[in-house]
Amino acid sequence: MRQSELLAPTLREDPAEAEVASHRLLVRAGMIRQVARGIYDFLPLGLRAVRRVEAIVRDEMDRAGAQEILMPAVIPAELWQESGRWEHYGRELLRLKDRYERDFCFGPTHEEVVTDLVRREVRSYRELPKNLYQIQVKFRDEIRPRFGLMRGREFLMKDAYSFHADVADAQREYRVMYDAYTRIFERCGLTFRAVEAGSGTIGGSQTHEFQVLAASGEDAIVSCARCGYAANVEKAAAPALAPPAAASGALERVATPGKRTIEEVSGFLGLPPERFIKTLLYQVAGGAVIAVLVRGDHAASETKIQAALGGEAVTLADERTVERVTGAPVGFAGPVGLDVRILADASLRGVRGAVAGANADDAHLVNVDQARDLPAAAFADLRQARAGDHCPRCEGGVYEEHRGIEVGQVFYLGTRYSQAMGATFLGADGASRPIEMGCYGIGITRTVAAAIEQHHDGAGIVWPAPLAPYAAHVVPVSTADAALRETAERIGRELTAAGVDALLDDRDERPGVKFKDADLIGLPVRVTVGPRALARGCVELKPRAATEAAEVPVAEAASRIVALVGPR
RNA sequence: CGGGGCGUGGCGCAGCCUGGUAGCGCACCUGCCUUGGGAGCAGGUGGUCGGCCGUUCAAAUCGGCUCGCCCCGACCA
């Protein structure tokens, strides 16, 4: 491809709105442009990277026995009403009306549509199992889209759904998909972890997330180097810590004027946050309000809270609810005397001498003694794990913490959708049963962003070769010099013949401009065709990640590049 | 949803406080010159200052409304 003809408008300055590397570099390298909040154009180079990820995903999904289909993006409301999610999915679901005022939504995920397809077409256990996938545009009306392609509202997703006659077969397929995902992200050239996770809104009981490790990741995960256990901090088993040593004393109310956060009260009273009981009020889906207690320096895990409630969804109570339940402004909630169900993290069992809100304006309680003052609390592991926690799965292991970008997730769904929507089959015994299901997603466009987050430097993108929009960048230092121009053209032709896609910078620009753009675009190998080396019959090869270029004879250039990046 | 910020040529910004004929850098066009890390000189093109309403002799500038975008928060107790 001739760069002079390519729509790849590179920018000399960082776009004002971009914060993270992938967003900044995708825009600067002329690969994406924003159209609306969380919605982007993909320009030729950006789209080619997307297509690379898609190709790897298709290849591995097909190899794993899945079949590609394409479902509609616009979905009639009836299907979502059947599953119950029309009411429960919330404002993330983009709802539409057609000209007859009928309700539709733009699909954020496709369990309903695929379950409807399968219930109409599959009758017998003889037709199972099936694994159907698609690569398609999804829309989720995120509260706060950000970071370019990392959390867009519109994005490309590969979603697969499998259907089985029994649990054992669904779990076999789960493993097949887990292995396929592992190969996919390995082939993409990414450093990632498959971690245990909570199941979120899709529902289901078993799930792993595939997290690309990057400092800018929005998720926190812990792993144990000793036994290999890895999980999202929301899910990872967190050991109950012994309460800090403290003498028991009479419950006492102290004035804490204007001190709302644990940090503020901790500083004011001169007691460390470990001595605090953090009281979080949650609204349960059924309508009840509960109090969740964790130690002051711990973070509550909504995943674990939901699990402790038998799967009921919870959201943090709003300000009005907190005031109604505690009788005090936000910042002074405490468990003592609170007339709601209390769930406490196991690290609070037997705690003494603790500080908690007094459920009164500008006041806290000190010397809270769990056994004496909170006898009704139910204990469970409710907190997020963190670095330094002892791994409960093995002897002597300690958690390390990483940031991750969730690029894929595999779920065992069970019969949640098949039961709600009447997707049944006849078994060999003639009995009708709901179909066992699994679902498996990969954020295609997010994977592109994650690859850049993990692979860039101060000058631009450093594409993992399998995802690069082109494998090689042929850069004649000057197009005014016929010998340089012709040598560059020749190498370009030889690369094409060898099955390597190359971008030829035939623009009449000064060398500095071309080099800066080449670094920004980040193709794996740059072939510099300049007068110095050419006088010796050579050109320079410089892998994008390397600091030094190597001189090779013109005649060998193409084969050397093939050796570096392979045919594609 | 709450809080904050910003909308001025393709990009990045100044001008606004204190109203009076819209400016800078880059990009773009023409010419000369130059060609190994975002050259130089000269001459150009391009903006109803997000939109609407108002105040005023006069509005990018002041007021109101509205739209868009960005950031922070929503794990705060």
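Refer to the structure presented above.
Residues numbered from 1 in each chain as written. Chains lettered and ligands numbered in written order. Predicted model: local features only at pLDDT ≥ 70, side-chain atom pairs only at ≥ 80, totals over all residues.

Asker: Any chance you could explain the protein's contact with RNA strand B here in plain terms?
Answerer: Near RNA strand B you find 52 residues, and of these Arg37, Leu316, Ala333, Gly512 and Gly530 are the closest. Of all the elements in the fold, those that place two or more residues in the surface near RNA strand B are strand 14 (277–284), helix 14 (511–521) and helix 15 (531–534). Counting residues per element, the surface near RNA strand B draws most heavily on helix 14, at 8 residues. Residues of the surface near RNA strand B, tallied by class, amount to 26 nonpolar, 10 polar and 16 charged. (Near = placed C-beta within 6 Å. Helix = DSSP H or I, 4+ residues; strand = E, 2+ residues; numbered from the N terminus. Nonpolar A, V, L, I, M, F, W, Y, C, P; charged D, E, K, R; others polar.)

Asker: Can you help me understand the sheet that holds strand 4 (residues 74–76) in this one?
Answerer: Strand pairing in a sheet relies on backbone hydrogen bonds. The paired strands run either parallel or antiparallel. The strand order 4-6-5 describes an open sheet built from 3 strands, whose pairing is antiparallel. Both outer strands of the open sheet, strand 4 and strand 5 (94–97), are each paired with one neighbouring strand and no more. Shown here is a sheet whose adjacent strand axes are inclined to one another by a mean of 40 degrees, direction ignored. Across 3 bridges, the pairing between strand 4 and strand 6 (residues 103–106) is antiparallel. Pairing of Pro76 across the sheet is with Phe104, part of strand 6. (Pairing = 2+ DSSP bridges. Axes fitted to C-alpha atoms, helices over the stretch in contact; angles between N-to-C directions.)

Asker: What's the story with the packing of helix 13 (residues 482–497) against helix 16 (residues 554–565) in this structure? I'm lost.
Answerer: Any two packed helices are characterised by the angle at which their axes cross and by the distance between the axes. Between helix 13 and helix 16, the least distance of the axes is 9 Å, while the angle of their chain directions is 35 degrees. In the crossing of helix 13 with helix 16, the sense of the turn from one axis to the other is right-handed. The residues of helix 16 that touch helix 13, namely those facing Thr487, Ile491, Glu494 and Leu495, are Val554, Ala557, Ala558 and Ile561. Residue composition of the contact of helix 13 with helix 16, grouped by class: 6 nonpolar, 1 polar and 1 charged. (Left-handed = near helix turned anticlockwise from the far one by under 90°. Contact = placed C-beta atoms within 7 Å.)

Asker: What should I look at first to understand the sheet that holds strand 13 (residues 252–255) in this one?
Answerer: Judged by pairing direction, the sheet is antiparallel, and its 3 strands sit side by side in the order 13-19-18 without closing on themselves. Looking at strand neighbours, the two that pair on one side only are strand 13 and strand 18 (354–357), the edges of this open sheet. Each neighbouring strand pair of the sheet contributes to a mean axis angle of 35 degrees, computed without reference to strand direction. Judged from the 4 bridges that link them, strand 13 and strand 19 (residues 363–368) form a sheet pairing that is antiparallel. By the bridge assignment for strand 19, Arg253 is matched with Leu365.

Asker: Honestly, the pairing of strand 30 (residues 538–543) in this entry has me stumped. Any pointers?
Answerer: If a strand is regular, its side chains alternate between the two faces of the sheet. In the sheet, strand 29 (residues 525–529) pairs with strand 30 via 4 bridges, with the strands oriented antiparallel. When the sheet's bridge partners are listed, Arg526 is paired in strand 30 with Lys542. For strand 30 and strand 31 (residues 550–553), the ladder comprises 4 bridges, and the chain directions are antiparallel. From the neighbouring strand, Cys538 faces strand 31, where its bridge partner is Pro553.

Asker: Can you walk me through helix 14 in this structure?
Answerer: One turn of the α-helix equals 3.6 residues, which is why residues spaced by three or four share an orientation. Listed in full, the buried residues belonging to helix 14 are Lys514, Asp517, Ala518, Leu520 and Ile521. The arc that holds every buried residue of helix 14, seen down its axis, measures 160 degrees, which confines them to one face. (Buried ≥ 20, exposed ≤ 12 C-beta atoms within 10 Å, placed from the backbone. Arc of directions from axis to C-beta.)

Asker: What am I meant to see in the nonpolar core here?
Answerer: Nonpolar side chains in soluble globular proteins tend to end up buried together. Core analysis: the biggest nonpolar cluster contains 105 residues, and Ala472, Val527 and Ile561 have the highest contact counts within it. When neighbours within four sequence positions are excluded, Ala472 is seen to be in contact with Leu495, Val500, Ala502, Leu523, Val525, Val527, Ile561 and Val565. Formed by 31 residues, the second largest nonpolar core is a distinct cluster that contains Val292, Ala333, Leu338 and Val355. (Core = buried A, V, L, I, M, F, W, Y, C linked by C-beta atoms within 7 Å.)

Asker: Whenever I open this one, unusual backbone geometry confuses me. Can you help?
Answerer: Note: most residues except glycine have negative phi, and most peptide bonds are trans. Between Leu128 and Pro129 the backbone carries a cis peptide bond, its omega angle lying at 0 degrees. Take Pro129: it is sitting in the loop between helix 5 (111–121) and strand 7 (130–139). At Phe147, a position not held by glycine, the phi torsion is positive, near 60 degrees. Looking at where Phe147 falls in the secondary structure, it is placed in the loop between strand 7 and strand 8 (154–164).

Asker: Sorry if this is basic, but what is going on with the environment of Phe104 here?
Answerer: Mapped onto the fold, Phe104 is located in strand 6. Residue class for Phe104 comes out partly exposed when judged on the 19 C-beta atoms lying within 10 Å of it. Residues Phe104 and Ile290, spaced 186 residues apart in sequence, show a C-alpha to C-alpha distance of 35 Å. Those residues in contact with Phe104, other than ones at most four positions away along the chain, are Val74, Ile75, Pro76, Ala77, Leu96 and Asp98.

Asker: Hey, could you run me through helix 13 in this one?
Answerer: Here helix 13 contains 16 residues, and its C-alpha end-to-end distance of 22 Å stays within 8% of the 22 Å for a straight helix at 1.5 Å per residue. Regarding helix 13, the residues found buried are Leu484, Thr487, Ala488, Ile491, Gly492 and Leu495. Down the axis of helix 13, the buried side of the element spans an arc of 140 degrees, and every buried residue falls inside it. In helix 13, the exposed residues that point more than 90 degrees away from the buried face are Ala482, Glu486 and Ala497. Contact partners of the buried residues in helix 13: strand 27 (472–476), strand 28 (502–504), strand 29, helix 15, strand 30 and helix 16. (Expected span 1.5 Å × (residues − 1).)

Asker: Would you explain the packing of helix 1 (residues 21–28) against helix 12 (residues 444–454) in this entry?
Answerer: It is the contact of helix 1 with helix 12, at a shortest axis distance of 8 Å, that shows an interaxial angle of 105 degrees. In terms of orientation, helix 1 and helix 12 fall into the roughly perpendicular class. Residues Ala21, Ser22, Leu25 and Leu26 of helix 1 form the contact with helix 12, whose own contacting residues are Ala449, Ile452 and Glu453. Here the residues of the contact of helix 1 with helix 12 are counted per class, giving 5 nonpolar, 1 polar and 1 charged. (Parallel < 35°, antiparallel > 145°, perpendicular 65-115°, else oblique.)

Asker: Just checking my understanding: could you explain the environment of Gly430 for this structure?
Answerer: Among the structural elements, Gly430 can be located in the loop between strand 22 (424–426) and strand 23 (432–434). On the basis of neighbour counts, which here come to 6 C-beta atoms within 10 Å, the residue Gly430 falls in the exposed class. Sequence-wise, Gly430 and Thr479 are 49 residues apart; in three dimensions their C-alpha atoms are separated by 76 Å.

So yeah, pure geometry; function would need other evidence.
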